[in-house]
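Letter by letter, the chains look like this.
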Amino acid sequence: MEKNNKSTSDLFTLFEAIYQPSLHLEESQSLSEKKPFFTTTYLKGLKRVLESEYFKAHSSEIIQGLKKATSRGQLQSKEWILKVLKEKGISNLGIVALCAGWYGFLAFLFFRDSFFSTKNIFLFEIDELSVKVSEDINRYFVKDNWKFKATLKNILDIHYAGETFTTLKFNGESEKLTMVPDTIINTSCEHIEKFKEWWDKIPAEKLIILQSNNYKGLKEHVNCVSSLEEFKKMASMGRLIYEGHLDLEKYTRFMLIGYKT
């Protein structure tokens, strides 16, 4: 029990660190101004996770997952997205399909920054624990007319021109939703074994944000790329807005932003 208490205490420290002024990339004044609200909101969300029944049954797995999701490399990679979108003047993301979105941390980075406008962020995951954690972490926005909503669904089974899917309400009841995304984000391309099958489902004229990496040291990294050129061949965009790489401690992350035409 003492070890578990130490681990959960470390998680609170990690979460609080996210809101310090010295983010790994540039932080706008709006983030600094809104920091107290979001610190309280997400620490409450984390507390909700730690007090849940599913946490009691899977505490070790969730603690390790949260630590990985809030690692320096993960946060830098996601802050990089916001930085580039700001540089490109892209603020209105409309309805967002966040594919393989894990614990939904990219969503709250968008929510806490007043530069960005999102109507809804729909997260899709095949891991049930990730869906539960992301909803508890983002509970404030789940309750705000489902501005954030996570659903257990394989991203290969989504029709991105328009998808009707079944999601679960907080009380366990099911409800059907229809989504026509304006923006499609996948920061986990290295995890997608049938990437071509997924990519072929993406229609033209949707804003697409993709990340992958060259870190082959994890068995779940089944679709790594060694260069931007390889990544661009795998995800060919007719109108490429941005291509770049970010050198991190253990690997290089690659990013593409653009549209199919």
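Coordinates for the structure precede this section.
Residues numbered from 1 in each chain as written. Predicted model: local features only at pLDDT ≥ 70, side-chain atom pairs only at ≥ 80, totals over all residues. Heavy atoms only, no water.

1. Observations concerning the overall build of the protein chain
- Across its full length, the protein chain carries nine helices and nine strands.
- Counting all 261 residues of the protein chain, 53% fall into the buried class.
- Counted over contacts in the protein chain with a minimum sequence separation of 6, partners at least 24 positions apart contribute 68%.
- Looking at the protein chain as shown, the accessible area adds up to about 12,600 Å², and 48% of this sits on carbon and sulfur atoms. (Helix = DSSP H or I, 4+ residues; strand = E, 2+ residues; numbered from the N terminus. Buried < 20%, exposed > 50% of the residue type's maximum accessible area, 1.4 Å probe, protein only. Contact = heavy atoms within 4.5 Å. Areas by Shrake-Rupley, 256 points an atom, 1.4 Å probe, with all protein chains shown as cover.)

2. Description of the sheet that holds strand 8 (residues 239–247)
- Pairing within the open sheet is mixed, and its seven strands lie in the order 3-2-1-6-7-9-8. At either margin of the open sheet sits one strand with a lone partner, and together these are strand 3 (148–152) and strand 8. Shown here is a sheet whose adjacent strand axes are inclined to one another by a mean of 15°, direction ignored.
- The pairing of strand 1 (residues 92–99) with strand 2 (residues 117–125) spans seven bridges and is classified as parallel. Within the sheet, the bridge partner assigned to Gly94 lies in strand 2 and is Thr118. (Pairing = 2+ DSSP bridges. Axes fitted to C-alpha atoms, helices over the stretch in contact; angles between N-to-C directions.)

3. A few points about the pattern of salt bridges
- Scanning all chains against the criterion turns up 13 salt bridges.
- Residue Glu205 is joined to Arg239 by a salt bridge in which the shortest nitrogen-to-oxygen separation is 3.7 Å. With Glu205 in the loop between helix 8 (195–199) and strand 7 (207–213) and Arg239 in strand 8, this residue pair connects regions lying 34 residues apart in the sequence.
- In this structure, a network of salt bridges that share partners links the residues Lys169, Glu173 and Glu175. (Salt bridge = Lys/Arg side-chain N within 4 Å of Asp/Glu carboxyl O.)

4. Some words on helix 4 (residues 72–87)
- Its 16 residues give helix 4 an end-to-end C-alpha distance of 22 Å, which sits within 8% of 22 Å, the value for a rise of 1.5 Å per residue.
- In terms of burial, helix 4 is a largely internal element, twelve of the 16 residues being buried.
- The set of residues buried in helix 4 consists of Gly73, Gln74, Leu75, Gln76, Ser77, Lys78, Glu79, Trp80, Ile81, Leu82, Val84 and Leu85.
- Trailing helix 4 by a residue or two, Gly89 shows a phi angle of about 70°, which is positive. (Expected span 1.5 Å × (residues − 1).)

5. Re the environment of Glu193
- Relative to the helices and strands, Glu193 resides in the loop between strand 6 (183–186) and helix 8.
- Take Glu193: its relative accessible area is 67%, and that puts it in the exposed class.
- Note: C-alpha distance between Glu193 and Asn223 (30 residues apart in sequence) is 5.8 Å.

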